[in-house]
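Structural characterization, general
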Amino acid sequence: MTWRGVIDAYRSFLPISGQTPVVTLYEGNTLLLPAPRLATQFGVDIYLKFEGQHPTGSFKDRGMTVAVSKAVENGSQAIMCASTGNTSASAAAYAARAGIKCVVLVPAGYVALGKLAQALIYGAEVIAIHGNFDAALKLVRQITESYPLTLVNSLNPHRIEGQKTAAFEVCDQLGSAPDYLALPVGNAGNITAYWKGFQEYREAGRSDSLPQMLGFQAAGAAPIVDGRLVPEPRTVATAIRIGNPASWQKAVQALEESHGRIEKVTDEEIIEAYKMVARLEGLFVEPASAAALAGVAKLAKTGFFPPGSRLVCIMTGHGLKDPDTTLNTCKLQPRVVPGEQQAVMELLHDLNVI
Ligand code: F0G
């Protein structure tokens, strides 16, 4: 059967009627890759759900197809969001697809290059504010309450509805829910959506168990782990540079109900995992996604995972979105030599390749 997006695939679980104009980029159906080399390293059966495979390169497309379809159904002519980058790219793309306007507010200087380029090329009005994501979201909430712009941050319940389809896919691809579901946490919409999805799928008899949810925040932006607001969040993983998550309480509920854990990882651990998943499994993910793997690595070291348990780690966004982090933060640059065989061979010798 041809894949026609998450609304077509999971319509009965979504707030979609025959009247809803479906705005889709055929999102969803992303890879669930076994990661044998990481599994050996961590001693747990690990799968990577590669959400970077989406049309705009992140998981946001799952929620945006539902949010924008509903906005259009309700007569909206324009959508608005605050974003650390990926939500803005996705909102801009779906607005283009729907032929409506899109306004995005982003923190000036803290959005990865690829994400900014995306929002601009899709034709959104991109406004960079002197302030962080939390300040941008506050402004967007105020403006959308008073003006005819539909809010498409994950405070919009249709976003959560769409994003929960990722949990359905994990169950369908694995044949059941995994024992553990690990993911990065920023504004906390995605952890909320996964938990809702796993519960609904079990209630519908489509899976027979529930996973323990494992959330990971960056150490400089860990309000849920530390139990307090972070006025000036800091991390290399700009996607999750958030100090006051909108779905904080729902995330805590998901963690409690699933008997899960939330932990923080340092920027050094994030960068190590960022390189590790690329070099051991051939998957290029963005730093925020690597935060989840860094967390798994940390827990594995403490013997947290019982032998034989199955874990799915959500790789939320594509590495190509943020080439700056690879080239500049990680200081990975090509070696430059004269264009002669001798020079190349000397270098290969020095590098122990030959
Ligand atoms: N991973 C990536 C790549 C993200 O872009 C985000 C959030 C998260 C993880 C965290 O998900 O917020 O649901 O807990 N990005 C938002 C944005 C904030 O504006 O693109 P969350």
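A few points on the structure. (Residues numbered from 1 in each chain as written. Predicted model: local features only at pLDDT ≥ 70, side-chain atom pairs only at ≥ 80, totals over all residues. Heavy atoms only, no water.)

1. So, the overall build of the protein
Rules: By the criteria applied, helices consist of DSSP H or I runs no shorter than four residues and strands consist of E runs no shorter than two, each listed in order from the N terminus. Only C-alpha atoms enter the radius of gyration, while the globule expectation follows 2.2 Å times N to the 0.38, with N the number of residues. By definition, residues are in contact when any of their heavy atoms lie within 4.5 Å.
Helices and strands together make up the secondary structure of the protein, namely 15 helices and 10 strands. Against the compact-globule benchmark of 20 Å for 354 residues, the protein has a radius of gyration of 20 Å, which places it among compact chains. Seen along its three principal axes, the alpha-carbon backbone of the protein occupies a region of about 65 × 45 × 45 Å. In the protein, the share of contacts with a sequence separation of at least 24, taken over all contacts with a separation of at least 6, comes to 71%.

2. Some details on helix H6 (residues 133-146)
Note the threshold: An expected span of 1.5 Å times one less than the residue number is assigned to each helix. For every residue, the accessible area (1.4 Å probe, protein chains only) is compared with the maximum for its type, and the residue is labelled buried under 20%, exposed over 50%, or partly exposed between those bounds. The arc in question is traced by the directions running from the helix axis to the C-beta atoms.
In this model, H6 (14 residues) spans 20 Å end to end at C-alpha, consistent with the 20 Å of a helix rising 1.5 Å per residue. Listing the buried residues of H6 in full gives Phe133, Asp134, Ala136, Leu137, Val140 and Thr144. Take H6 and look down its axis: the buried residues cluster within an arc of 155 degrees, on one side only. Looking at H6, the residues exposed on the side facing more than 90 degrees away from the buried face are Lys138, Glu145 and Ser146.

3. Observations concerning the site of the ligand
Just so we agree on the cut-off: Whether a residue is near a molecule or strand depends on its heavy atoms: if one lies within 4 Å, it is near. Definition of a polar contact: a pair of N or O atoms within 3.5 Å, with one able to donate and the other able to accept a hydrogen when the atoms are protein atoms, and with sequence-neighbouring residues admitted only if both atoms are side-chain atoms. Accessible surface area values rest on a Shrake-Rupley calculation with a 1.4 Å probe, where residue burial reflects the displayed protein chains alone. Charged residues are taken to be Asp, Glu, Lys and Arg, nonpolar residues to be Ala, Val, Leu, Ile, Met, Phe, Trp, Tyr, Cys and Pro, and polar residues to be all remaining types, Gly included.
Taken together, 20 residues are adjacent to the ligand, and Ser83, Asn86, Asn187, Ala188 and Thr316 come closest. Contact between the ligand and Lys60: a nitrogen atom at 3.0 Å from a side-chain N or O atom of the residue. In the model, an oxygen atom of the ligand is placed 2.8 Å from a nitrogen or oxygen of the Asn86 side chain. In isolation the ligand has 470 Å² of accessible area, and contact with the protein removes 98% of it. Listing elements by their share of the shell around the ligand, those giving two or more residues are helix H4 (86-98) and helix H9 (189-203). Residues belonging to the shell around the ligand are distributed by class as follows: eight nonpolar, 10 polar and two charged.

4. A short note on the sheet that holds strand S5 (residues 125-129)
Our working definition: Two strands pair under a simple rule: DSSP has to find at least two bridges between them.
Taking strand neighbours across the sheet as the criterion, the four strands line up as S5-S4-S3-S6 in an open arrangement whose pairing is parallel. Each end of this open sheet is capped by a strand with a single partner; those strands are S5 and strand S6 (150-151). Sheet topology note: the strand S4 (residues 101-107)/S5 ladder contains five bridges and is parallel. Looking at the pairing, Val103 lines up with Glu125 of S5.

5. Notes on the state of the cysteines
Test applied: Note on disulfides: each one is a pair of cysteine sulfur atoms within 2.5 Å.
Going through the model one piece at a time under the given rule, you end up with zero disulfides. With no disulfide of its own, Cys171 has Cys313 as its nearest cysteine by sulfur position, at a separation of 16 Å. Classification of Cys171 by relative accessible area gives buried; the value is 2%. A relative accessible area of 0% places Cys313 in the buried class.

6. Points about the pairing of strand S10 (residues 310-315)
Both faces of the sheet carry side chains from a regular strand, because those side chains alternate between them. With five of six residues buried, S10 lies mostly within the body of the structure. As judged from the three bridges shared by strand S7 (residues 180-184) and S10, these two strands associate in the parallel manner. In the sheet register, Leu181 faces S10, and the bridge partner there is Val312.

7. Examining unusual backbone geometry
At His259, a residue that is not glycine, the phi angle is positive and equals roughly 55 degrees. By secondary structure assignment, the location of His259 is in the loop between helix H11 (248-257) and strand S9 (261-265). Of note, the phi angle at Lys331 is positive, near 55 degrees, even though the residue is not glycine. Of note, Lys331 is situated in the loop between helix H14 (323-329) and helix H15 (341-350).

8. Looking at the environment of Leu33
The topology assignment puts Leu33 in strand S1 (residues 32-34). A sequence separation of 13 residues divides Leu33 from Ile46, and the C-alpha atoms of the two residues are 8.6 Å apart. Other than its neighbours up to four places away in sequence, Leu33 contacts Ile46, Tyr47, Leu48 and Leu283.

9. A short note on the packing of helix H12 (residues 267-281) against helix H13 (residues 287-301)
Condition: A fitted line through C-alpha atoms represents every axis, and for helices the fit uses only the stretch in contact; the resulting angles, taken between N-to-C directions, go from 0 to 180 degrees. Each angle receives one of four descriptions, namely roughly parallel if under 35 degrees, roughly antiparallel if over 145, roughly perpendicular if within 65 to 115, and oblique otherwise.
Close contact between H12 and H13 brings their axes to 7 Å; oriented N to C, the two are set at 100 degrees. On the basis of the axis angle, H12 is roughly perpendicular to H13. Two secondary-structure elements touch here, H12 through Glu269, Ile270, Ala273, Tyr274 and Val277 and H13 through Pro287, Ala290, Ala291, Leu293, Ala294 and Lys298.

10. Observations regarding the packing of helix H8 (residues 165-174) against H9
Relative orientation and spacing of two packed helices are given, respectively, by the angle between their axes and the distance between those axes. To keep it simple, the criterion reads: Here a crossing is called left-handed whenever its near helix is offset anticlockwise from the far helix by less than a right angle, and right-handed whenever the offset is clockwise.
The N-to-C vectors of H8 and H9 enclose an angle of 50 degrees; their axes lie 7 Å apart at closest approach. Between H8 and H9, the angle falls in the class oblique. In terms of crossing hand, the pair formed by H8 and H9 is right-handed. Mapping the contact onto sequence places Ala166, Ala167, Phe168, Val170, Cys171 and Asp172 in H8 and Tyr194, Gly197, Phe198, Glu200 and Tyr201 in H9. Grouping the amino acids of the contact of H8 with H9 by side-chain chemistry returns eight nonpolar, one polar and two charged.

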